[in-house]
Amino acid sequence: MRDLYMFLTGPGLIVALLVFFGGLAARALLYVQGLDWKLDRVAYIPHFKQGLKGAAQSIYRWLIPFGTHGWRKSPFFTVGFFAFHFGVIVLPLLVAGHAVIAENLLGFWLPHLPPAAADFFTLCAIGGAGLILARRIALPEVRHLSTWRDYAVLGLATLPLLSGFLAARHFPGYDYWLLLHMVSAEALLILAPFTKLSHIALFFMSRAQLGMDYSIKRGGDYRGTSFPW
Amino acid sequence: MPQGSLCNREPIKTEEALKTLLADKGGVVYYKEMEELDVDSDLLWSMLKKTCKSRTRTWLEICARCGMCAESCHFYRVNERDPEQVPAFKIQSTLGEMIRRKGRVDNAFMRRAMDYAWGRCTCCNRCGTYCPHGIDTGVMFSYLRGILFAMGFVPWELKIGSGMHRVYKAQMDVTSEDWVDTCEWMEEETCEEWPDLKIPMDVKGADVLYTLNAREPKHYPEDVAQAAILFHLAGESWTMASEGWEQTSLAMFAGDWEACRLQVQNVYDAIERLRPKLVIGTECGHAHRATVVEGPYWVGRPDGKPPAPYIHYVQWLAKMLREGRIKIDPAKKIKEPVTLQDSCNYVRNHGLARCTREIMSYIAEDFREMTPNRENNYCCGGGGGLNGIGRYRKERNKALMTKRDQIIATGAQLVIAPCHNCWDAIRDLEEEYQLGIRWSFLKPLIISMAVIPDHLKAAAEDFVNEA
Ligand code: HEM
Ligand code: HEM
Ligand code: SF4
Ligand code: SF4
């Protein structure tokens, strides 16, 4: 048990992080490399500056809750989405338990959230995942679209939240929750570049591309403002 | 049977082949042959490998299958919210599946993909603006059409349409001689009421070159005359081209990219030959998309722009009204409630919403917006070639319901539709659902409202009163 713990907080963690960051960076680079101005029909380079403005707007507007027509049309989902994503992005960086591990690895102490706040955001994120899952099952159009992979990815992304919370609250079986937490979180990190979780990087690429498309080719010269997302 | 005599992978390249295909009324034999058409999986996969690059692959891969695009699609809304009409489902079960299977798909798969690509998507691009990842399913369907065309799975009318462009350099059998004749004839007719009116042909270095839709000389020659009258009124130095006058592209609807290139090259050649300061296209949405927005890429212009500044008719009209070169008689402004159709092709996809609003402010006293509108407007229901495909007539008529309800909600009985496709769709909508509405391009309305300067008056007054 002790060895496993040492492995998961040491070399295992490092490998997982390398695969995660290296993999996502590679996906982003390959994305750019695979853009083709003739096939995509967007003159990226000659109008690069104009394109960047559109790209920035296209990303920024979609990161604001209810900031776009799309988010406003699905308020229920929007709440679930942001509750879940806020947790899943902020918690790994700011949870006290992680700061301990970071200190062991890096040798210095990182800032972290008070446990009550961490618990709160964790529960919000788990609730958000619950909403997303409920919606996926309840709405016929979403259910019909879903494959086992979609459920699996959502489950895989929620497992570290759930197990982390149970471990941090010292639920019975602490050791096992902690172990499950580390294993599931590292699995998530390793699988991310190879599944639709690659959107962690590719969301920005895809949104930037469409933003450039609309501002370079599809009316940026005339609209006067950025595309009204 | 590998390749049919009518239904096959070869595009139409000769007049004879075109006539043979046309003779197969309704494509009865053509579609029969399609059921037997074989799928060359190796060819399909090699095409996908060559042309399906990171943008499209990423779209297909990161799709969260969240269904946020569902409500945005007009087909989904009018088809009882059928889960099979969700944009993500439509593209994943066709193009997505084709790629996952590395091109190993059968004939039935390809025919279903065709039914989806043309009968369940008008390439209006609305869903792409509702997707959190920015996944533009309309763009992917357009791409899929190209793949299907190359494999021979394309609706009969569009195989003919792209063949027309290859054979006649126009979407209909209008030759250069027919075209020039029509213009001469229209000039003579119009001169009776508008002395000194000219329809100039092939004038080098004019301020304006005007391009249009082959339907106009073929079926609505008065539209050509109306354009001439408005240039005359505005005192514009303008010309048309005897070659390269046709701006539309059924080839774009068909996914025949080579024919798209050939067609738009004709227009660009005319621009290079006549060197106008400005090119103006007629009141057509897809023609604008084809020649101004996508065309530069088909011919490989690295800056993505046509060889000269090229604007839509509504941009020119807004400018003329703004500068007072065409003045509207206040007494003749439209008094009744009137609404406006935003064409996907130049509003969502080319940002011209402000131009048409500006025009409305000069000509209408009670302008009523549809809801939603501008970039967010719904397709008329007949875009992307759907208006013209017999096989999908039922789907098209159903698709008109969204526009029907939007129009009814405005309370207006007059709909201004500065786009040939939208205009047709709204005409058919009236025929199908009998709302008692009227629909119009801008040109005839403006002529009927314009102040005619003294020096142009002559007999013109009578003409205007009739119009
Ligand atoms: C910077 C970071 C991120 C951005 C901008 C982002 C954005 C998005 C967007 C736009 C969607 C599609 C809408 C939806 O279905 O919810 C999505 C879905 C999803 N994201 Fe993220 N994401 C990010 C990071 C993450 C991370 C770190 C995880 C997990 C660890 C994650 C897990 C998920 C999951 C599971 C879904 C699918 C939800 C469903 O089943 O509908 N995301 N994300
Ligand atoms: C990538 C995804 C990860 C997420 C979303 C995540 C999330 C969380 C959450 C929500 C908590 C509980 C906070 C609270 O309620 O107070 C937590 C605690 C913890 N996590 Fe993670 N974590 C991740 C990865 C990891 C990894 C890779 C490790 C170690 C290898 C790790 C080790 C820990 C430890 C040791 C605790 C503290 C448990 C305790 O308090 O006893 N986590 N994590
Ligand atoms: S909205 Fe976008 S991510 Fe969601 S299902 Fe539709 S295409 Fe996929
Ligand atoms: S492009 Fe338009 S018609 Fe096609 S799937 Fe999207 S919303 Fe529907």
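What you are looking at is a predicted structure, and each value in this text was computed from that prediction instead of being measured.

### Brief notes about the overall build of chain A
A count of helical and extended segments in chain A gives 13 helices and zero strands. Secondary structure elements of chain A occur, N-terminal to C-terminal, as α-α-α-α-α-α-α-α-α-α-α-α-α. Overall, the C-alpha framework of chain A stretches about 60 × 40 × 35 Å when taken along its three principal axes. Within the span of chain A, comprising 229 residues, buried residues form 46% of the whole. Put simply, 65% of the contacts in chain A that link residues at least 6 apart link residues at least 24 apart. Counting every atom, chain A has about 11700 Å² of accessible surface; 75% of that belongs to carbon and sulfur. For chain A, the centre of its 19 positive side-chain charges and the centre of its 11 negative side-chain charges are spaced 13 Å apart.

### Here's the deal with the pairing of strand 3 (residues 278-281) of chain B
Two faces, one strand: in a regular strand the side chains alternate between the faces of the sheet. Residues and elements named next belong to chain B. Where strand 1 (residues 208-211) meets strand 3, four bridges bridge the pair, whose relative direction is parallel. Residue L209 lies in a different strand from strand 3, and its bridge partner there is V279. Relative to strand 4 (residues 310-312), strand 3 runs parallel, the two being bridged by three bridges. The residue of strand 4 that forms the bridge with G281 is H312. Crossover strand 3 to strand 4 through helix 15 (residues 285-298) is right-handed.

### As for the sheet that holds strand 7 (residues 414-416) of chain B
All names here are of chain B. Spatially, the four strands line up as an open sheet ordered 6-5-7-8, and their pairing is parallel. If you trace the sheet from one side to the other, it starts and ends with strand 6 (364-368) and strand 8 (438-440), each paired once. For this sheet, the mean inter-axis angle between neighbouring strands, taken without regard to orientation, is 35°. Judged from the four bridges that link them, strand 5 (residues 334-340) and strand 6 form a sheet pairing that is parallel. Paired with V338 across the two strands is F367, which belongs to strand 6. Packed onto the sheet, helix 20 (residues 420-433) meets strand 7 and strand 8 and runs at close to 170° relative to strand 8.

### Quick word on the confidence of the model for chain B
When pLDDT drops low, the exact placement of atoms in the prediction is not to be read closely. Chain-level pLDDT for chain B is 95 on average; 98% of the residues reach the 70-or-more range. Model confidence for the complex: the whole-complex pTM is 0.95, and ipTM, which rates the interface, is 0.96.

### Describing the coordination of the iron atom of ligand 1
All names here are of chain A. Protein coordination at the iron atom of ligand 1 comes from H85 (NE2) and H199 (NE2), with a distance range of 1.9 to 2.0 Å. Classification of the site at the iron atom of ligand 1 rests on its six donor atoms, whose angles at the metal span 85 to 178°, yielding the label octahedral. Of this pair, H85 sits in helix 6 (residues 75-94) while H199 sits in helix 12 (residues 199-217), placing them 114 residues apart in sequence. Given a relative accessible area of 18%, H199 falls into the buried group.

### Quick look at the site of ligand 3
For ligand 3, the set of nearby residues contains 13 residues, the closest of which are C63, C66, G67, C69 and C131 of chain B. Each of chains A and B places residues near ligand 3. Looking at the shell around ligand 3 residue by residue, the class counts come to ten nonpolar, two polar and one charged.

### A word on helix 6 of chain A
Residue and element names in this part refer to chain A. With 20 residues, helix 6 extends 28 Å from end C-alpha to end C-alpha; this agrees with the ideal 28 Å at 1.5 Å per step. When we look at burial in helix 6, the residues that qualify are F77, T78, G80, F81, F82, F84, H85, G87, V90 and L91. Where helix 6 is buried, its residues contact helix 4 (48-62), helix 5 (69-73), helix 7 (96-106), helix 8 (115-138), helix 10 (148-168) and helix 12.

### Brief notes about the domain arrangement of chain B
All names here are of chain B. Here chain B is described as being made up of domain 1 (39-154), domain 2 (169-321) and domain 3 (326-449). For domain 2 and domain 3, the distance between their C-alpha centres works out to 22 Å. Counting residues at the interface gives 30 residues for domain 2 and 28 residues for domain 3. The contact between domain 2 and domain 3 buries some 2700 Å² in all, and 67% of this surface belongs to carbon and sulfur atoms. The largest contributions to the domain 2 side of the interface with domain 3 come from E283, V314 and L321, which together make up 27% of the buried area. Put simply, domain 2 and domain 3 have three salt bridges between them. For D424, the salt bridge identified is with R215, shortest N-O distance 2.7 Å. The interface formed by domain 2 and domain 3 includes twelve residue pairs in polar contact (both at pLDDT 80 or more). Listing elements by their share of the side of domain 2 that touches domain 3, those giving two or more residues are helix 11 (215-219), helix 12 (221-234), helix 15 and helix 16 (313-322). With eight residues, helix 16 is the largest single contributor of residues to the side of domain 2 that touches domain 3.

Rules used in this analysis
- Starting afresh in each chain, residues are numbered from 1 along the sequence in its written order.
- Going through the entries in the order they are written, you letter the chains from A and number the ligands from 1.
- Predicted model: local features are reported for residues with pLDDT of at least 70 only, side-chain atom pairs are reported and counted for 80 or more only, and whole-chain, interface and lining totals are derived from all residues.
- Side-chain figures throughout are based on the complete set of non-hydrogen atoms in the structure, without hydrogens or water.
- Put simply, DSSP H or I for four residues or longer makes a helix, DSSP E for two residues or longer makes a strand, and each gets a number counted from the N terminus.
- A simple rule labels every residue: compare its accessible area, found with a 1.4 Å probe on the protein chains alone, to the largest value its type can have, and call it buried under 20%, exposed over 50%, or partly exposed in between.
- Here, residues are in contact when the closest pair of their heavy atoms is within 4.5 Å.
- Working definition of accessibility: Shrake-Rupley area with a 1.4 Å probe, residue cover restricted to the visible protein chains.
- Only four residue types enter the tally: Lys and Arg on the positive side, Asp and Glu on the negative side, with His and both chain ends excluded.
- A single reference atom marks each charge: NZ on Lys, CZ on Arg, CG on Asp, CD on Glu.
- When DSSP finds two or more bridges between two strands, those strands count as paired.
- Here, the term right-handed applies to a crossover whose path from the first strand over the helix to the second runs clockwise when the strands point away from the viewer.
- Note on definitions: angles span 0 to 180 degrees between N-to-C directions of axes, and those axes are lines fitted to C-alpha atoms, for helices only across the stretch in contact.
- Per residue, pLDDT measures the predictor's confidence, with a range of 0 to 100.
- Metal donors: N, O and S atoms at distances within 2.8 Å, or within 3.2 Å for Na, K and Ca, with water omitted from the atom set so that some sites may seem incomplete.
- Only four donors with every angle between 85 and 135 degrees are called tetrahedral; only four or six donors with opposite donors over 155 degrees apart and all others between 65 and 115 are called square planar or octahedral, in that order; all others are irregular.
- Here a residue is near a molecule or strand as soon as one of its heavy atoms is found within 4 Å of it.
- Residue polarity is assigned by list, with Asp, Glu, Lys and Arg as charged and Ala, Val, Leu, Ile, Met, Phe, Trp, Tyr, Cys and Pro as nonpolar; anything else, Gly included, falls into the polar class.
- Expected span, for any helix, means 1.5 Å times one less than how many residues it has.
- These domain boundaries are the output of an automatic or database domain assignment.
- Accessible area that two parts lose when put together, evaluated with a 1.4 Å probe and summed over both, is termed the buried area.
- Basic side-chain nitrogens of Lys or Arg form a salt bridge, by our definition, when they fall within 4 Å of a carboxyl oxygen of Asp or Glu.
- Nitrogen and oxygen atoms within 3.5 Å of one another constitute a polar contact, given that in protein one can donate a hydrogen and the other can accept it, and given that sequence-neighbouring residues count only through two side-chain atoms.

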